[in-house]
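Single-letter residue listing:
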Amino acid sequence: MTHTEQLIHRYLALWNETDPAARRAAVDSVWTENGTYTDPLTVAEGRAAIDATVAAVQEQFPGFVFTLAGAIDAHHHLARFTWELGQPGKEAMVVGFDVAVLTADGRIEAVHGFLDKVPSGT
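Let me begin by describing the structure that accompanies this report. (Residues numbered from 1 in each chain as written. Predicted model: local features only at pLDDT ≥ 70, side-chain atom pairs only at ≥ 80, totals over all residues. Heavy atoms only, no water.)

## What about the overall build of the protein chain?
For step 1, the next point in the chain: A count of helical and extended segments in the protein chain gives 3 helices and 7 strands.
For step 2, the next point in the chain: The secondary structure elements of the protein chain, listed N-terminal to C-terminal, are α-α-β-β-α-β-β-β-β-β.
For step 3, the next point in the chain: Relative to a compact globule of 122 residues, whose C-alpha radius of gyration would be 14 Å, the protein chain shows 13 Å and is just as compact.
For step 4, the next point in the chain: Looking at the 122 residues of the protein chain, the share that counts as buried comes to 38%.
For step 5, the next point in the chain: In the protein chain, the proportion of contacts linking residues at least 24 apart, taken out of those at least 6 apart, comes to 44%.
For step 6, the next point in the chain: Looking at the protein chain as shown, the accessible area adds up to about 6600 Å², and 54% of this sits on carbon and sulfur atoms. (Helix = DSSP H or I, 4+ residues; strand = E, 2+ residues; numbered from the N terminus. Rg over C-alpha atoms; globule rule 2.2 N^0.38 Å. Buried < 20%, exposed > 50% of the residue type's maximum accessible area, 1.4 Å probe, protein only. Contact = heavy atoms within 4.5 Å. Areas by Shrake-Rupley, 256 points an atom, 1.4 Å probe, with all protein chains shown as cover.)

## Here's the deal with helix α1 (residues 3-16)
For step 1, the next point in the chain: For α1, spanning 14 residues, the distance from its first C-alpha to its last is 20 Å, which sits close to the expected 20 Å at 1.5 Å a residue.
For step 2, the next point in the chain: Taken as a whole, α1 has its buried residues at Leu7, Ile8, Tyr11, Leu12, Leu14 and Trp15. Down the axis of α1, the sector holding all buried residues measures 155°, keeping them to one side. (Expected span 1.5 Å × (residues − 1). Arc of directions from axis to C-beta.)

## Focus: the nonpolar core
For step 1, the next point in the chain: Ranked by size, the top nonpolar core spans 27 residues in total, and within it Tyr11, Leu14, Trp31, Tyr37, Phe81 and Ile108 carry the most contacts.
For step 2, the next point in the chain: When contributions to this core are tallied by element, the ones reaching two or more residues are α1, α2 (20-30), β1 (31-39), α3 (47-60), β5 (78-86), β6 (94-102) and β7 (108-117).
For step 3, the next point in the chain: Residue contributions to this core peak at 6 residues, all from α1. (Core = buried A, V, L, I, M, F, W, Y, C linked by side-chain atoms within 4.5 Å.)

## Topic: α3
An α-helix turns once per 3.6 residues; consequently, residues spaced three or four apart project the same way.
For step 1, the next point in the chain: Its 14 residues give α3 an end-to-end C-alpha distance of 20 Å, which sits within 8% of 20 Å, the value for a rise of 1.5 Å per residue.
For step 2, the next point in the chain: For α3, the full list of buried residues reads Arg47, Ile50, Asp51, Thr53, Val54 and Gln58. Along the long axis of α3, the arc covered by the buried residues comes to 155°, so they all point the same way.

## Some thoughts on the pattern of salt bridges
For step 1, the next point in the chain: In the structure shown here, the tally under the stated rule is 4 salt bridges.
For step 2, the next point in the chain: We note a salt bridge from Glu91 to Lys117, for which the minimum N-O separation is 2.8 Å. Within this pair, whereas Glu91 is found in the loop between β5 and β6, its partner Lys117 is found in strand β7, the two being separated by 26 residues in sequence.
For step 3, the next point in the chain: According to the relative accessible area criterion, Lys117 is partly exposed, its value standing at 31%. (Salt bridge = Lys/Arg side-chain N within 4 Å of Asp/Glu carboxyl O.)

## Some details on the packing of aromatic side chains
For step 1, the next point in the chain: According to the stated counting rule, one finds 8 aromatic pairs in the structure shown.
For step 2, the next point in the chain: By the ring-pair criterion, three or more aromatic residues cluster together here, those being Tyr11, Trp15, Trp31, Tyr37, Phe66, Phe81 and Trp83. (Phe/Tyr/Trp six-rings, centres within 6.5 Å; stacked < 30°, edge-to-face > 60°.)

As structure tokens, this is what we get:
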């Protein structure tokens, strides 16, 4: 597994981390200090805002898990990948793909998220 693939796996794992202290430590290790996360529903700037965004998603979808849904496609300082959010063993309720901008020191500077499938009312 390449360093980029490992980083993306760590990124997805932090979305599943429900212990607040462990999740914040994961955010701090994966993201740059001024990292940004942007998708159609939110913009989070900085590690604290990213951590709060993850916590809000977990609150909205309790017991749901993010999983990688295919290969990670990466080149230069970019990686794109499809993910799913759902209850284990059931069809995913949310499907999207992210494009991550990576730094030379192996962190995420920005994620641009796109939602391909969302529940009605979201």
